Amino acid sequence: MSHDVAAAYDAMADRYVAHVRREFDKRTMVRERLEAFASMVEGQQLVADVGCGPGHVTKLLSDHGLNIVGYDIAEGLLVEARRSFPDLSFRVGDLTAIDLPDASLGGLVSRHSTIHLAPGELAAAFSEWARVLVPGAPLFVSFFAAATRADHGTPFDHAVVTAYALSPDVIAEELEASGFGDLDVGLRPFGPTERPLDQAIILARLSA
């Protein structure tokens, strides 16, 4: 992922943390789907939260019993994550090149981190996720949804750095091509004070 993305998030770390800090205080579809992902992980296999930002998703999943590590390319956000959740593990890392052996993860979460990848980079990222997951391991991936297939990859005005709206249908097809199955695709409609893009949430498993 681009160093420009890391620099942009580092420059806005304080404001970004304030924006997401209380996200899971209420029960939402996003929280429920994350909890569903947690229930799919078997035992205490290591799980990765790639693009973990300030660590609030990592914390939520740790509270649900997962053995989890957070990765992000923005060191400023990792400083905030370690300050907020000193008992959790956070590492500098790129979601497209994860520094782990093959078949070493029992699950992987990518919460809105793919939106900063150009559409042509997504398939390589999904193949990398398939590499580090054990067969049968669950995947959670969420992103801002393009309205139609034709709108896949359309840039939108993100508060931090350029981001792309992605077609759930296209993403599902690319995940399947990378070896994922049992896809469950959901959409959370945008709220009255949010940007006019639905949030797509996909749960899947790496095929055996």
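Small disclaimer: the values here were computed from a predicted structure and weren't measured.

Rules behind the numbers
Residues numbered from 1 in each chain as written. Predicted model: local features only at pLDDT ≥ 70, side-chain atom pairs only at ≥ 80, totals over all residues. Heavy atoms only, no water. Axes fitted to C-alpha atoms, helices over the stretch in contact; angles between N-to-C directions. Helix = DSSP H or I, 4+ residues; strand = E, 2+ residues; numbered from the N terminus. Parallel < 35°, antiparallel > 145°, perpendicular 65-115°, else oblique. Left-handed = near helix turned anticlockwise from the far one by under 90°. Contact = heavy atoms within 4.5 Å. Buried < 20%, exposed > 50% of the residue type's maximum accessible area, 1.4 Å probe, protein only. Arc of directions from axis to C-beta. Pairing = 2+ DSSP bridges.

Draft legend 1. Summary view of the packing of helix H6 (residues 122–132) against helix H7 (residues 168–177). The N-to-C vectors of H6 and H7 enclose an angle of 45°; their axes lie 9 Å apart at closest approach. Accordingly, the angle class assigned to the pair H6 and H7 is oblique. When you trace H6 past H7, the crossing you get is right-handed. Contacts between H6 and H7 pair Leu122, Ala123 and Phe126 from the former with Ile171, Glu174 and Leu175 from the latter.

Draft legend 2. Helix H5 (residues 75–84), seen in detail. Taken residue by residue, H5 has Leu77, Leu78, Glu80 and Ala81 as its buried positions. One face of H5 carries all of its buried residues, which in axial projection span an arc of 155°. Away from its buried face, by an angle of more than 90 degrees, H5 presents the exposed residues Glu75 and Arg83.

Draft legend 3. Local environment of the environment of His56. Of note, His56 is situated in helix H4 (residues 56–63). Overall, the relative accessible area of 13% leaves His56 in the buried class. Between the C-alpha atoms of His56 and Ser84, which are 28 residues apart in sequence, the distance is 8.7 Å.

Draft legend 4. Focus on the sheet that holds strand S2 (residues 67–72). Spatial strand order, S3-S2-S1-S4-S5-S9-S8: seven strands in an open sheet with mixed pairing. On the outer flanks of this sheet lie strand S3 (89–92) and strand S8 (180–188), each paired with one strand and no other. Taking the axes of each pair of neighbouring strands and ignoring which way they run, one obtains an average angle of 20° across the sheet. Here four bridges tie strand S4 (residues 107–111) to strand S5 (residues 138–144), and the two strands are oriented parallel to one another. Pairing of Val109 across the sheet is with Phe140, part of S5. Strands in contact with helix H3 (residues 29–40) are strand S1 (46–50), S4, S5, S8 and strand S9 (199–206); relative to S9, the strand with the most contacts, it is inclined by about 5°.

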